[in-house]
Amino acid sequence: MNKLLLWAMAFVLLQTAASARAQITIDTSNAKDWKVSNGVVSVDWLPGNGRIFGMHWSAFPNEQIIDQTNKDHNGPKGFYMDNVGPGSGTPTNGYFLDPNGKYIDWWVQFPAGATNAFTWSQHDILFAGDPGIHIYFVLDHGPGDIAGGIGQIQWVLRSDLSQFTNTYSVNTGLNNLGATTVPMPDSVLFGTGITSGRNVQDATSDLHGLPLPAGFRRGFYTKYDYSSYEYLHKAEGVYGNSMAAWMVVPSSESLTGGPTKQDLIFTGNLLIMEAYSNHLDNQMNFSVPQDAVMHRLYGPFYLHFNAFSTTTPTAASLYQEALAASAAIAPAYDGEAQLLSNGYVPSTGRGEVHAALKSAKGLALNQAWAVLSDNQTNMQYSHAGNEYWMNVNPGGIANFHGVAPGTYRLSVYALGKWGELRQDNVVVSANQTTNTSANFVDEHFGTDAPIWTIGTADRSSHEFLHGQIANPVDLDGNYTDSYTARLGNSVQDDREFWGNWNYWADFAANSGAVVYYATPVGTTPATNDVTKWNYNQWHSFNPKLYAGVYNPADATTDGYKYICPTYVGNCATATIPDWQVHFTTTADQQAQGQYFVLSLALAATEDSPTFSLNGHPLTWHGFNLKNSDAGVRSGFSGTTQWVVLQWDTSMLNPPGQDNIITFHVGRTQGIMYDAQRAEITNTSADHTVTGWNDYEFVYGSTYEPANDAVANQ
């Protein structure tokens, strides 16, 4: 933090000196090329479109930052927005030049109309002397506007392919601490050697047999491998031998989906700022009814440029300098008239929230989290308003600073524990501190120890087979921070394309089934090894692979047939046998109560699975409730759900005898398990009994859905 402060102070001094020399200019004489400059960064901007198709930085005045090879009918795509939902119309262009010469804000705006539900505008800002561009996006909807919806709000920088050849990301997940630096293969940058047969899934290329640079450790390239959880996400960058470009997130407040949301940050060397999407969170829905009043501001975000020097000799130091530069210039947002008029709340108009969370004391770093988000809404689907999150400190306190006025839900959860505290109607006012207190409860249905557990309820399937890797070569040893110092980072989540694995071969010993002994059964010991449980339960497994790797005469994507184990037969049509969990109980355990309750924490779902206890089936009709395709998007989690299945204890076999729970899925992507917990209790898990609303409940013919709209605990 001291180093970051020194960099910030140095940046302020440099910017002050640069501002004294720089002059903001704009030339709008060419209807197809507005030229805007702050004396440090100069851009060519396409009116009526909003893209920046040319960009230069005064530190390297002869170097074109924008890739000039990827074009459409309007020319190089450059730095642009790739949105889904906002419609088109007749655009207007505008700009505001600060009378004191401190900044310029320019934009393109499209009005709502018969086929466009929203009035929207795309803005760029240059501050005097600042080596970067600030961006934001504004959506409005009101009386007279047709119904509409938003699918994606995303910025993309297509930088020069020869200059920006490496990507750099930091703390992309709680189990991906530290920095990852990835050199881009020519096959990814330029498409060298990529034939149709190598395109094995959307945005996924099979690179086997192609030249790969040292430090690139994967056999496939897909953007999903490198997506970032938003927990600790601050910035990501692309760099080459001289300069670097960084996309900085000054605040989480205009993001969506809470800290567990995973957003795209790269595709090859494309630098992405994804403010809203349903990637790995498929049921995320931003629909606006006809005539409804809605205003939404995304940003500001910051595209910052820097270069290697004696003071910033490593990519790690460039990353820290980018964060310092963002922190130093953030106060300037308070004086940006257009930004303020579009809904940005200045620091003088914000409030504080002080949350005292009983029973959350003494938990480890990054274990307990508090989230402010849309009121009466599951924080995983928060999208309409601002959101903030904090790691609850060891004293059980979460202090939120700089919160925009509004009414929020406070959600609290702890990794390794079950349940979620939800407190609605937390009102934040300008220049006021809102004090609230609550008691987080680790939700169990009985008072006795569980009969057995599998996995850890941490909203991820990463502890299971293929979930982790030790000391990957792309981990940057030059990067350290408080998280790596206290928690270490030698073991990383290994998010990879699912075709990198061979499920049928992994579980050949049981003809493709997972068979797990949760307790000893007879002479068979308890498994006690979570790597004997796959990270995803597939219904079928036949990923597309480049066949030319196995047969040079075959240029199709049917390569898996060459490595499909012979016992399977035809992997294209074979279905995976039901998984099994075996366990015994004691007489004392069965005497604990009349109900056997199985809790399933699901990290992602694409199915309506059936679970049978000794032949007694219960089906959870979860498909299309909160779907997440994390299994085929290199994820170990998407949308977390808790499903509680309840049987009568009388359905258990006598004490000491084997009980079998079978796990059946009927759709290709199946289910991704986070954790399981089996209890015997005399108290039903029915919502009306527990008073909790944060789980799905199935018992015989009774089904009670989770109720995300109400408070919990």
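J.: Help me understand the state of the cysteines in this model?
T.: Disulfides are covalent bonds that link the sulfur atoms of two cysteine residues. In total, this model carries one disulfide according to the counting rule given. Disulfide pairing is shown between Cys-564 and Cys-571; the S-S distance is 1.9 Å. A torsion of 75° about the S-S bond marks the disulfide between Cys-564 and Cys-571 as right-handed. The exposure class assigned to Cys-564 is buried, which follows from its relative accessible area of 12%. Given the relative accessible area of 3%, Cys-571 is considered buried.

J.: Help me understand the packing of aromatic side chains, please; the structure alone is not making it clear to me.
T.: The geometry of an aromatic ring pair comes down to the distance between the two centres and the angle between the two planes. Following the criterion strictly, the structure yields 53 aromatic pairs and no others. For the pair Tyr-503 and Trp-504, a centre-to-centre distance of 6.3 Å together with 75° between the ring planes defines the contact as edge-to-face. Exposure class is identical for Tyr-503 and Trp-504. Each is buried. Each ring, one from Trp-642 and one from Tyr-695, has its centre 5.0 Å from the other, and the planes form 55°; the classification is tilted. Separated by 53 residues along the polypeptide, Trp-642 in strand S42 (residues 641-648) and Tyr-695 in the loop between helix H8 (687-690) and strand S45 (696-699) bring together distant segments of the chain. Side by side, Trp-642 and Tyr-695 carry an identical accessibility label, which is buried. Feature note: the residues Phe-220, Phe-497, Trp-498, Tyr-503, Trp-504, Phe-507, Tyr-535, Trp-538, Phe-541, Tyr-560, Tyr-567 and Phe-636 constitute an aromatic cluster, connected by ring pairs. The residue whose ring lies beneath Arg-296 is Tyr-298, and the NZ or CZ to ring-centre distance is 4.4 Å. Note that Arg-459 overlies the ring of Tyr-413, its terminal NZ or CZ placed 3.9 Å from the centroid.

J.: Teacher, can you tell me more about the sheet that holds strand S17 (residues 204-206) here?
T.: The strands making up a sheet associate through hydrogen bonds between their backbones, and the pairing can be parallel or antiparallel. Spatial ordering of the open sheet is given by S16-S17-S18, a layout of three strands whose pairing is antiparallel. Here the strands that pair on one side only, and so sit at the sheet edges, are strand S16 (199-201) and strand S18 (220-222). In this sheet, neighbouring strand axes are inclined to one another by 30° on average, regardless of whether the strands run parallel or antiparallel. Bridge count for S17 against S18 is three bridges, and the pairing is antiparallel. Within the sheet, the bridge partner assigned to Thr-204 lies in S18 and is Thr-222.

J.: Can you help me understand the side chain of Thr-610 in this one?
T.: By the element assignment, Thr-610 lies in strand S40 (residues 610-613). At a separation of 2.7 Å, a polar atom in the side chain of Thr-610 contacts the side chain of Thr-619. Those residues in contact with Thr-610, other than ones at most four positions away along the chain, are Pro-617, Leu-618, Thr-619, Thr-662, Phe-663 and His-664.

J.: Explain the environment of Gly-209 to me, please; I cannot follow it from the model alone.
T.: By the element assignment, Gly-209 lies in the loop between S17 and S18. Considering only alpha carbons, one finds Gly-209 and Val-549, 340 residues apart in sequence, at a separation of 6.8 Å.

J.: Looking at this structure, I do not really get the pairing of S40. What am I missing?
T.: The side chains of a regular strand alternate, first on one face of the sheet and then on the other. Here S40 shows a buried face lined by Thr-610 and Ser-612 and a second buried face lined by Phe-611 and Leu-613. Judged from the four bridges that link them, S40 and strand S41 (residues 616-619) form a sheet pairing that is antiparallel. Paired with Ser-612 across the two strands is Pro-617, which belongs to S41. Here S40 hands over to S41 after two residues, with Asn-614 in that stretch at a positive phi of 50°. By the bridge criterion, four bridges tie S40 to strand S43 (residues 659-664) in an arrangement that is antiparallel. Bridging across to S43, Phe-611 finds its partner in Phe-663.

J.: Would you mind showing me how to read the nonpolar core here?
T.: A general trend in soluble globular proteins is that nonpolar side chains are found buried together. Of all hydrophobic cores here, the largest spans 74 residues; its most connected members are Met-55, Phe-79 and Trp-155. Take this core: its biggest share by element is six residues, from strand S26 (residues 294-307). If you look at the next biggest cluster of nonpolar residues, it comprises 63 residues, including Leu-545, Leu-645, Phe-663 and Val-665.

J.: Explain the pattern of salt bridges to me, please; I cannot follow it from the model alone.
T.: It is possible for side chains of opposite charge to pair when their charged atoms get near one another. Across all of its chains, the model carries 20 salt bridges by this definition. Arg-459 is the partner of Glu-420 in a salt bridge, and the nearest nitrogen-oxygen pair spans 2.7 Å. Of the two residues, Glu-420 is situated in the loop between strand S31 (406-414) and strand S32 (421-428) and Arg-459 in the loop between strand S34 (452-455) and strand S35 (468-470); the sequence distance between them amounts to 39 residues. Residue class for Arg-459 comes out buried when judged on its relative accessible area of 12%.

Calculation notes
Residues numbered from 1 in each chain as written. Predicted model: local features only at pLDDT ≥ 70, side-chain atom pairs only at ≥ 80, totals over all residues. Heavy atoms only, no water. Disulfide = S-S within 2.5 Å. Buried < 20%, exposed > 50% of the residue type's maximum accessible area, 1.4 Å probe, protein only. Phe/Tyr/Trp six-rings, centres within 6.5 Å; stacked < 30°, edge-to-face > 60°. Helix = DSSP H or I, 4+ residues; strand = E, 2+ residues; numbered from the N terminus. Lys NZ or Arg CZ within 6 Å of the ring centre and 35° of its normal. Pairing = 2+ DSSP bridges. Axes fitted to C-alpha atoms, helices over the stretch in contact; angles between N-to-C directions. Polar contact = N/O pair within 3.5 Å; in protein donor to acceptor, adjacent residues only side chain to side chain. Contact = heavy atoms within 4.5 Å. Core = buried A, V, L, I, M, F, W, Y, C linked by side-chain atoms within 4.5 Å. Salt bridge = Lys/Arg side-chain N within 4 Å of Asp/Glu carboxyl O.

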